[in-house]
Structure formats: structure tokens, C-alpha cells
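So you can see what is in the structure, the chains are spelled out below.
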Amino acid sequence: MIDAHFHIWRLDRGDYGWLTPALGPIHRDVQLSDWRAVSQPCGVQGGVLVQAAPTAAETAFLLHEAAQAPEVLGVVGWVDLLAADAPARIEALARQPRLRGLRPMLQDIADPDWVLQPALASALQAMARCGLVFDALVQPRHLPRILRLAARYPDLRIVVDHGAKPAIPGDAAGWAAWTDGLQALARDTAAFCKLSGLWTEAAPGAPAQALERHARWLVQCFGPARCLWGSDWPVLELAGRYDAWLAAARHWVAPGDWPAVFEHTARRAYGL
């Protein structure tokens, strides 16, 4: 099995603006050995390490850690896509064998249309040219923009993180906006979507069963060939345990689809 989305961090690096003491149990240093301790007993043999800070130093840190850990199959880093030399930076990063994608933290950018600005064109074209994945850290409000992005850059491989972070349980209008946005992406683009990060979108203390409607719909919408499981650990710890999230996801995915959702789709999406 492959965990298609997990994090590590070291607080003294100082570039995790969102990671404050208010987040309690995850406001600590997190190492690869900590991830191994929770993932390997569950049968997970590899993973995709994803950035948690919008800095070049974060990308360098993750690549350095990954170089010493064969179970890290790929890294999703960050680059300043608006920098004048962004294409050259992207091409240099793409020469790092573990670097498989880049992730602008769109959920933290006030303007939902930021990703559509013409100034990003040369960087996004460089990503597509280098075969790097665009990890879309988005909310439902961004989905119409990601649809337009995919149409504008058809060679850019897009992976939607955390099922686009729907409110759970949410209301009827929220459900409609979320499902309509993802259905359009599934129907009209080649985008992938991660079955990850849903538990922390539910109310504090909600059991994993509270996610079932959203999780089952997500897998059905994209199908096993374009849906990949990730833990979002250690952020997951704000809601529940690693083994409990994996067990719930396995319950919601048909056993015949386990090889795809829990391994093969991640390999295809990221070129692992």
C-alpha cells in the first residue's frame, strides 16, 4: 500500500505559519520515523511526502529527508510560481528524482482566481513539460477555477487534495456545490482526486462513520483508476488515528478496487 499524502516538519525551521500551539497535538516535531511507526504496522510500504510550508527551504528540507528514506517514493514541493525565473527553478527541481509535484497552497490565498492569472502561464507550462503534478489544495469554491485551469493546460496533471475539503456534514447547498464541482472535473478532465483529509473537515469528535457519505460518493465519482488514498498524517491526528482512517477507507472502497485506490493509482498519478 502507498500513503499518497503525509507530512513531516521541524518547528525550528520557522516557516509553518499555520502550525501554531493552538493545534495542540500536532504542534511538535514530526519525523519520518514517526510516520513509519504508525503506517508500517498497517501494511503501508511507501508514501508521498507533501509540503506544509510555502517556501523553497521546505522543498529542500523534504528532498534531503527523502534522499535518506527509500520508502518515500515521491515528494510534492513548493516553488514561487510567480517568480521571474520560475520555469528555470521548476526545471532544476524536476531533475531531482524524488520530486514528483508542486503545490501552491491555494486554500490560503484570498483570491480564488489567483491560479488563473496569466502571469502563471510560463511556470505551469514548465510543470507540464517536466511531467510534474499540480497538487490542488483547494476548497469547493476553487473547483470551477480548477476546471478552467485543466482546460487551459491539458498536459498538466492535476491531483485534487483531500476531496476538495467539503464541509461535513454541511448543508444541501454545500453538498450541491461540492458534488457539482467534482463531477465536472471527473467528467471533463483527466484530474485525479485524493481520498484524504476528510476527517478533519468534520465536527470535532465526529466518528469516522460521519465521513461515509462523502467518501463513498468521492470514490464513485472518480472511480478507482483516478482516486488515491492518503492519510494526511499527522494533521489526521486532530480527528482520529491512522489505523482507524485506513480501516474506514477500506470499508468504503470495494475490495476489488483496493489495489488501485491504495497503491496503483498513486503510482500512475505521480509516476512513482
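For the structure itself, consult the block above.
Residues numbered from 1 in each chain as written. Predicted model: local features only at pLDDT ≥ 70, side-chain atom pairs only at ≥ 80, totals over all residues. Heavy atoms only, no water.

Quick notes on the overall build of the protein chain
So, step 1. Tallying secondary structure elements over the protein chain gives 9 helices and 8 strands in all.
So, step 2. The C-alpha atoms of the protein chain give a radius of gyration of 17 Å, which matches the 19 Å a tight globule of 272 residues would have.
So, step 3. When its C-alpha atoms are laid out on the principal axes, the protein chain stretches across 45 × 40 × 35 Å.
So, step 4. Sequence-distant contacts, at least 24 apart, represent 79% of the contacts inside the protein chain between residues at least 6 apart.
So, step 5. Measuring between centres, the 25 positive side-chain charges of the protein chain sit 4 Å from its 27 negative side-chain charges. (Helix = DSSP H or I, 4+ residues; strand = E, 2+ residues; numbered from the N terminus. Rg over C-alpha atoms; globule rule 2.2 N^0.38 Å. Contact = heavy atoms within 4.5 Å. Lys, Arg positive; Asp, Glu negative; His and termini not counted. Charge placed at Lys NZ, Arg CZ, Asp CG, Glu CD.)

Considerations on helix α7 (residues 212-222)
So, step 1. Inspection of α7 places H214, A215, W217, L218, V219 and F222 among the buried residues, and these make up the whole buried set.
So, step 2. Looking at the buried positions of α7, the neighbouring elements they touch are α6 (172-188), β7 (192-195), β8 (227-229) and α8 (242-252).
So, step 3. After α7 finishes, the residue G223 shows a positive phi value of roughly 75 degrees. (Buried < 20%, exposed > 50% of the residue type's maximum accessible area, 1.4 Å probe, protein only.)

What to know about the packing of aromatic side chains
So, step 1. Within this structure, the stated rule accounts for 9 aromatic pairs.
So, step 2. Geometrically, the ring pair formed by W175 and W217 is edge-to-face, given 6.1 Å between the ring centres and 65 degrees between the ring planes. Linking W175 in helix α6 with W217 in helix α7, this pair joins segments that are 42 residues apart in sequence.
So, step 3. With a relative accessible area of 15%, W217 lands in the buried category.
So, step 4. Centre to centre, the rings of W178 and W217 are 5.0 Å apart; their planes meet at 50 degrees, and the pair counts as tilted. (Phe/Tyr/Trp six-rings, centres within 6.5 Å; stacked < 30°, edge-to-face > 60°.)

Examining helix α9 (residues 258-270)
So, step 1. For α9, built from 13 residues, the straight-helix expectation of 18 Å at 1.5 Å per residue is met to within 8% by its first-to-last C-alpha distance of 18 Å.
So, step 2. Largest kink in α9: about 45 degrees, centred on H264.
So, step 3. Those residues of α9 not exposed but buried are A260, V261, F262, T265, A266, A269 and Y270.
So, step 4. Taken from the residues just after α9, G271 is the one with a positive phi, measuring 65 degrees. (Expected span 1.5 Å × (residues − 1). Bend = angle between axes of the 7 residues up to and from the residue.)

Examining the side chain of Q107
So, step 1. One can find Q107 in the loop between β4 (99-102) and α4 (121-130).
So, step 2. Filtering out sequence-adjacent residues up to four positions away, Q107 remains in contact with L137, Q139, R141, H142 and K165.

So, the sheet that holds strand β6 (residues 158-160)
So, step 1. The sheet built from 8 strands is open, its strands ordered β1-β2-β3-β4-β5-β6-β7-β8 with parallel pairing. Bordering the open sheet on either side are β1 (2-6) and β8, each of which pairs with just one other strand. Here the average twist between neighbouring strands, direction ignored, is 25 degrees.
So, step 2. Relative to β4, strand β3 (residues 72-77) is paired through 3 bridges, and the arrangement is parallel. Paired with V76 across the bridge in β4 is G101. (Pairing = 2+ DSSP bridges. Axes fitted to C-alpha atoms, helices over the stretch in contact; angles between N-to-C directions.)

Let's talk about the packing of helix α3 (residues 86-94) against α4
So, step 1. Put simply, α3 and α4 touch, their axes get as near as 8 Å, and they point 20 degrees apart. Classed by the angle they form, the pair α3 and α4 counts as roughly parallel. Note on packing geometry: the crossing formed by α3 with α4 is right-handed. Counted together, A86, P87, I90, E91 and A94 of α3 and S122, A123, A126, M127, R129 and C130 of α4 form the full contact between these two elements.
So, step 2. A per-class count over the contact of α3 with α4 returns 8 nonpolar, 1 polar and 2 charged. (Parallel < 35°, antiparallel > 145°, perpendicular 65-115°, else oblique. Left-handed = near helix turned anticlockwise from the far one by under 90°. Nonpolar A, V, L, I, M, F, W, Y, C, P; charged D, E, K, R; others polar.)

Some remarks on the nonpolar core
So, step 1. Grouped together as the largest cluster of nonpolar side chains are 86 residues, with contacts concentrated most on F134, L149, I158, L195 and W229.
So, step 2. No other element matches α8, which puts 6 residues into this core.
So, step 3. Other than its neighbours up to four places away in sequence, W229 contacts I2, D3, A4, V44, L195, Y242, W245, L246, A249, V261 and F262.
So, step 4. Listed in part, the 12 residues of the second largest apolar core include A4, V48, V159 and F192. (Core = buried A, V, L, I, M, F, W, Y, C linked by side-chain atoms within 4.5 Å.)

Re the pairing of β7
So, step 1. Burial along β7 is two-sided: the face carrying F192 and K194 and the face carrying C193 and L195 are both buried.
So, step 2. Here β6 pairs with β7 via 2 bridges, running parallel. Each bridged residue has a counterpart across the sheet, and for V159 the counterpart in β7 is F192.
So, step 3. Remark: the β6/α6/β7 crossover connection has right-handed handedness.
So, step 4. One crossover worth recording links β7 to the parallel β8 by way of α7, and it is right-handed. (Right-handed = clockwise from strand over helix to strand, strands pointing away.)

Honestly, it's all geometry; don't read function into it.
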